[in-house]
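# Structure at a glance
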Amino acid sequence: MFLDWAGSSAPYQMLTRINNISKSAVCNIIHVVYVLCKEFVPSMIVFPEGHELMRVMQDFRGLCNLPYCAGAIDRMLMRIEKPYHWGDVYYCYKKHTAIILFVCVDAHGKFTFVIAGGAGQVGNAHICNDSALRPKIDD
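The sections below set out a description of the structure shown in this document. (Residues numbered from 1 in each chain as written. Predicted model: local features only at pLDDT ≥ 70, side-chain atom pairs only at ≥ 80, totals over all residues. Heavy atoms only, no water.)

### Quick word on the nonpolar core
As a reminder, the rule being used: In these notes, a set of buried Ala, Val, Leu, Ile, Met, Phe, Trp, Tyr and Cys residues joined through side-chain atoms within 4.5 Å is what counts as a nonpolar core. Accessibility here uses a 1.4 Å probe with only protein chains present; expressed as a share of the type maximum, an area under 20% marks a residue as buried, one over 50% as exposed, and anything in between as partly exposed. Note on conventions: DSSP H or I runs of at least 4 residues are helices, E runs of at least 2 residues are strands, and numbering of each starts at the N terminus. In this description, contact between two residues means that some pair of their heavy atoms is separated by no more than 4.5 Å.
Counting 13 residues, the largest nonpolar core has Ile100, Phe102, Phe113 and Leu133 as its most contacted members. At the level of elements, β2 (98-105), β3 (111-119) and α6 (124-129) are the ones that each hand at least two residues to this core. Excluding residues that lie within four positions of it along the chain, phenylalanine 102 makes contacts with Ile73, Asp74, Arg75, Phe113, Val114, Ile115, Ile127, Cys128 and Leu133. In this structure, Phe2, Leu15, Ile30 and Met78 belong to the second largest nonpolar core, which totals 9 residues.

Okay, structure coming up:
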């Protein structure tokens, strides 16, 4: 359910119909999985360094014909319900409230960096520049 929500920004009402559970149950499940991901993902998804980074760059060159590429970066707006007292901060250009999922993958599509939870109105440059990935890019 969480992946369905994260991957498609499916509204909670649709998830309640698909899974035949209450809206509050959907909210609770998504919240719990989100909190667990935020806690454990940083220790499980690590940006490559040293020889591993060189291997990733070789893979990009060989598979994608992209020399000197260490990762593919993208972000996605995940629709959320308006947080109480904080809705304006999460309101995005797509005219709904959202949080940002910002990721980097290697040439095989394996996640090497993930940030989730930024406010929807924040732009790509701000998320990237304030992330722990920025110093690694600059090196």
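Let us keep going from here.
### Some remarks on the layout of surface pockets
Just so we agree on the cut-off: A 1.4 Å probe that fits into a set of points on a 1 Å grid over the protein atoms alone but cannot get out defines a cavity; an open set with protein on both sides within 12 Å along at least five of seven lines defines a pocket, and lining residues are those with an atom within 4 Å of a point. Grid points are joined across faces, edges and corners, and a volume is the space filled by probe spheres set on the points.
The volume enclosed by the second largest pocket comes to roughly 310 Å³. Taken together, 13 residues form the lining of the second largest pocket, with Tyr12, His31, Tyr34, Ile80 and Ile99 sitting closest to its centre. Per element, the largest residue contribution to the lining of the second largest pocket is 4 residues, and it comes from helix α3 (residues 23-44).

### A short note on helix α4 (residues 51-64)
Basically, it comes down to this: Here the expected span of a helix is defined as 1.5 Å times the quantity of residues minus one. What the arc describes is the spread of directions from the helix axis to the C-beta atoms.
Under the 1.5 Å per step criterion, the end-to-end length of α4 is 19 Å for 14 residues, consistent within 8% with the ideal 20 Å. Turning to α4, its buried residues number three or more, namely Val56, Met57, Asp59 and Phe60. Each buried residue of α4 sits inside an arc of 155 degrees when the element is viewed along its axis, so together they form one side. Away from its buried face, by an angle of more than 90 degrees, α4 presents the exposed residues His51, Gln58 and Gly62. Where the residues of α4 are buried, they touch β1 (72-79) and β2. The positive-phi residue at the C-terminal boundary of α4 is asparagine 65, with phi of around 55 degrees.

### Observations concerning the sheet that holds β3
Threshold: Between any two strands, at least two bridges found by DSSP are needed for them to pair. To obtain an axis, a line is fitted to C-alpha atoms, over the contacting stretch when the element is a helix, and the angle between two such axes runs from 0 to 180 degrees between their N-to-C directions.
As summarised here, the arrangement of the 3 strands in space is β1-β2-β3, forming an open sheet in which the pairing is antiparallel. Each having just a single partner strand, β1 and β3 make up the two edges of the open sheet. Adjacent strand axes in the sheet meet at a mean angle of 20 degrees, parallel and antiparallel pairs treated alike.

### Some thoughts on unusual backbone geometry
One non-glycine residue with positive phi stands out, namely asparagine 65, at about 55 degrees. Here asparagine 65 shows up in the loop between α4 and β1. Of note, tyrosine 68 is a non-glycine position whose phi angle comes to about 65 degrees, a positive value. Tracing the chain through its elements places tyrosine 68 in the loop between α4 and β1. Judged by its relative accessible area of 70%, tyrosine 68 falls in the exposed class.

### Quick word on the packing of helix α2 (residues 12-19) against α3
Test applied: For classification, angles of less than 35 degrees are called roughly parallel, those exceeding 145 degrees roughly antiparallel, those between 65 and 115 degrees roughly perpendicular, and all remaining angles oblique. Residues were grouped as follows: Ala, Val, Leu, Ile, Met, Phe, Trp, Tyr, Cys and Pro as nonpolar; Asp, Glu, Lys and Arg as charged; and all remaining residues, including Gly, as polar.
Here α2 crosses α3 at 105 degrees, and the two axes come no closer than 9 Å. Viewed along their axes, α2 and α3 adopt a mutual orientation that is roughly perpendicular. Residues Tyr12, Gln13, Leu15 and Thr16 of α2 touch α3, and the partners they reach there are Lys23, Val26, Cys27 and Ile30. Along the lines of polarity and charge, the residues of the contact of α2 with α3 split into 5 nonpolar, 2 polar and 1 charged.

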